[in-house]
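Next come the chains, spelled out residue by residue.
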Amino acid sequence: MNNDTENTGDDERDVVVRLRHVEVTYRSKPKLKFDGGFGFQRKSVTVFQGLNLTIRKGEFTTIVGPSGCGKSTLFRLILGSQFPTAGEVFVNNEPVENVTPKTGIVYQRYSLFPHLTVANNIALGPLLQHTGPLESLVRSIGPRYRRVFREAREEAFGLLKHVGLQEDDGNKFPHELSGGMQQRVAIAQATIMKPEVLLMDEPFGALDHSTREDMQLFILEQAELNDLTVIFVTHDLDEALFLGSRVVGLSQYWQADAPEQQIGARIVTDRDVTSALGGSYPRPTTVIDSPEFRTLRRKVHEDVLDPDHLQRVAEFDHDHPDKG
Amino acid sequence: MKFLRTDAKIPWAGKLALTLLPVLILCFAYVKRSSELADTDRAKLMPTTEKLVEAAKKVALPLPTPERESDRRKELRLERQFVIFKDTVASFKRMGWALAVILLAVPLGVMMGSYPWAESLGKTIMVILSMIPALALLSILFITLGTGEVAKVGLIVLGVFPLVCLDTYLRARAIPREQFFKAQSLGACETELPWRVVFPQIWPNVLNTIRLNFGIMAVLMIAGESISAEAGIGYRIFIKFYRTTAMDSTIVYVIWLTLLMFLLDLAVSLWIKHRYKWLAGT
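These remarks concern the structure in this document. Note that the structure is a prediction, hence the values are computed from the model and not measured.

Thresholds applied
Residues numbered from 1 in each chain as written. Chains lettered and ligands numbered in written order. Predicted model: local features only at pLDDT ≥ 70, side-chain atom pairs only at ≥ 80, totals over all residues. Heavy atoms only, no water. Helix = DSSP H or I, 4+ residues; strand = E, 2+ residues; numbered from the N terminus. Rg over C-alpha atoms; globule rule 2.2 N^0.38 Å. Buried < 20%, exposed > 50% of the residue type's maximum accessible area, 1.4 Å probe, protein only. Contact = heavy atoms within 4.5 Å. Areas by Shrake-Rupley, 256 points an atom, 1.4 Å probe, with all protein chains shown as cover. Lys, Arg positive; Asp, Glu negative; His and termini not counted. Charge placed at Lys NZ, Arg CZ, Asp CG, Glu CD. Salt bridge = Lys/Arg side-chain N within 4 Å of Asp/Glu carboxyl O. Pairing = 2+ DSSP bridges. Expected span 1.5 Å × (residues − 1).

Some points on the overall build of chain B
Right, on to step 1. Of the regular secondary structure elements, chain B holds 13 helices and zero strands.
Right, on to step 2. Over its C-alpha trace chain B gives a radius of gyration of 24 Å, far above what one expects of a compact globule, namely 19 Å for 282 residues.
Right, on to step 3. Across its three principal directions, the C-alpha atoms of chain B cover 80 × 60 × 35 Å.
Right, on to step 4. Sorting the 282 residues of chain B into buried and exposed places 42% on the buried side.
Right, on to step 5. Long-range contacts, defined here as pairs at least 24 residues apart, represent 71% of the contacts in chain B between residues at least 6 apart.
Right, on to step 6. Carbon and sulfur atoms provide 69% of the accessible area of chain B, an area that totals close to 16,700 Å².
Right, on to step 7. Here chain B contributes 34 positive and 22 negative side-chain charges, whose respective centroids are spaced 5 Å apart.

Written out as structure tokens, the structure reads:
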């Protein structure tokens with residue numbers, strides 16, 4: 001299996017996210033080492049090498065894989081908070097050079113600002129967009145700032161009922177809400193900006209089972225309602241297959257002659273879940289019990305987690321270095 | 001023994017009783033010991049409560065006007081009456097100026113905690129400055145800056161500024177970087193991050209730090225005033241009362257200063273609790 005999931009023949013206009021020949025190498029801090037004489041040693045680990053990935057408008061792409069497989073690195077590359085050592089990352093056909101409102105984010109934690117009320121958290125985006133940095137410094141004497149703030153709050157209160165919250169909740173602080181409610185607010189905060197792509201980093205990881213199921217249905221509803229392109233990072237395979245119209249599996253890989261030494265991470269599977277599960281999307285919750293779902297789950301599990309399978313992938317790549 | 005448990009819920013009356021207990025014990029011990037010493041040659045070292053009340057009246061109330069009084073005596077009388085309040089104003093003016101300069105440590109700390117270049121530039125020098133015992137520089141400050149207000153304010157600033165700056169820096173550093181990215185994804189530019197993301201989240205805790213430094217500020221203020229001043233709590237205690245061993249007036253001044261600092265601390269802490277309700281949930 002190679003590391004290229006790019007379909008070069010498709011319509012370029014639909015492409016929202018594109019990673020082209022991306023390489024990410026981490027270099028450790030220099031360590032003093034004695035080897036006959038003193039010297040400094042730096043280790044470098046290449047996480048991605050020649051990574052290509054294309055995500056189209058309206059796709060709900062779930063990125064799945066075990067811990068340390070590069071999910072978060074991929075997330076940061078698309079977000080613009082980390083840059084590749086080589087290769088390019090584009091969002092909406094423009095190179096990613098910084099974190100911008102083109103990409104919305106929902107984290108497992110830290111999505112909401114604890115000092116702002118729920119309504120002010122949601123209103124923060126429009127407020128930041130329509131007021132300059134200096135204007136916010138003199139906000140108490142700026143009539144325009146106050147008007148924009150009022151309008152942004154009205155918009156935020158209007159959005160509350162669409163995300164299943166009461167108007168009263170708007171004046172609460174995030175810590176006064178349950179975990180599920182907080183994530184609803186975080187989703188509203190991100191979607192109010194109408195981002196080109198919504199990045200979600202294990203957003204439901206800290207929720208209990210039933211709240212998690214509610215939130216899964218909620219994000220599917222929001223994605224459809226707002227016509228969102230979503231990249232959803234998770235380590236839960238069931239969640240990835242239930243939510244994603246497409247699932248991308250990442251895994252670590254090893255050198256054939258040194259199997260204990262991880263040398264990087266790569267895309268090991270990229271599947272169109274919708275066609276594999278019978279074409280309907282969003283799919284009903286009962287799909288999890290269907291034989292098609294179980295078969296697909298097993299295949300993706302093998303791709304992502306089965307060490308024997310990964311060893312075969314590594315040997316294949318080792319014999320054919322141009323495939324990597 | 002439920003009230004000894006870590007999760008004990010103590011009713012407000014119980015809390016009040018526990019709060020007052022050490023204060024009452026302290027007062028009782030003082031009253032008992034001072035009355036024991038009242039008729040000995042050590043009576044002056046620990047004046048009785050009656051003497052303390054007399055001393056308090058002398059420094060806080062108007063002095064009696066004699067039937068005949070020369071202009072010079074009148075001038076002296078007017079100068080000496082309400083002296084505790086005049087000293088308080090003089091001392092708190094110095095504290096106020098010092099506080100105004102110390103507040104500049106907050107934006108500096110926020111910058112250091114937000115931008116790596118500011119961290120590299122400011123962290124080490126602030127750590128070094130915080131290690132200098134300000135009192136050791138007392139004489140140098142008065143020689144170089146003169147015996148005026150600048151040296152006294154400078155002493156307080158030197159002692160507290162680096163601490164507030166480093167505390168702000170550490171708090172700013174602890175803000176998860178995810179929040180920066182989140183704010184940027186909502187349209188914030190780089191320059192907005194320190195005051196729109198970092199500052200509002202750490203400000204109540206920085207206020208708490210400043211509040212906890214009021215005691216150090218008072219010590220440095222008294223030290224500065226004890227070298228050279230024309231009015232002030234430290235000046236009165238060290239230059240006037242010390243020379244005459246006026247223990248009763250000294251204790252009145254100490255109680256007064258402690259009370260003021262306690263009330264200031266209480267006011268700031270209540271204001272933080274009222275103004276920043278979200279802090280309870282973090």
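Regarding the pattern of salt bridges
Residues and elements named next belong to chain B.
Right, on to step 1. For the structure on display, the rule yields 22 salt bridges over all chains.
Right, on to step 2. Glu36 is paired through a salt bridge with Lys32; the nearest N and O atoms lie 2.9 Å apart. Separated by four residues within a single helix, Glu36 and Lys32 lie in helix α1 (residues 12–37), roughly one turn from each other.
Right, on to step 3. The partly exposed category is assigned to Glu36, whose relative accessible area is 41%.

Focus on the pairing of strand β8 (residues 103–107) of chain A
Across a regular strand the side chains alternate sides, sitting on one face of the sheet and then on the other.
Residue and element names in this part refer to chain A.
Right, on to step 1. Counting buried positions along β8 gives five out of five residues, so the element sits mostly inside the fold.
Right, on to step 2. Residues Thr103, Ile105 and Tyr107 line one face of β8 and the alternating positions Gly104 and Val106 line the opposite face, and both faces are buried.
Right, on to step 3. Two strands pair when backbone bridges link them, and β8 and strand β9 (residues 197–201) are joined in this way by five bridges, in the parallel orientation. Each bridged residue has a counterpart across the sheet, and for Thr103 the counterpart in β9 is Val197.

Description of helix α2 (residues 49–60) of chain B
Right, on to step 1. Taking 1.5 Å of rise per residue, 12 residues should cover 16 Å, and α2(B) covers 16 Å from first to last C-alpha, within 8% of that figure.
Right, on to step 2. In this structure, the buried residues of α2(B) make contact with α1, α4 (83–102) and α13 (247–275) of chain B.

Looking at the environment of Leu24(B)
All names here are of chain B.
Right, on to step 1. Along the chain, the position of Leu24 falls in helix α1.
Right, on to step 2. Its relative accessible area of 54% is what places Leu24 among the exposed residues.
Right, on to step 3. When the C-alpha positions of Leu24 and Ile128 are compared, they lie 42 Å apart, and in sequence the two are 104 residues distant.

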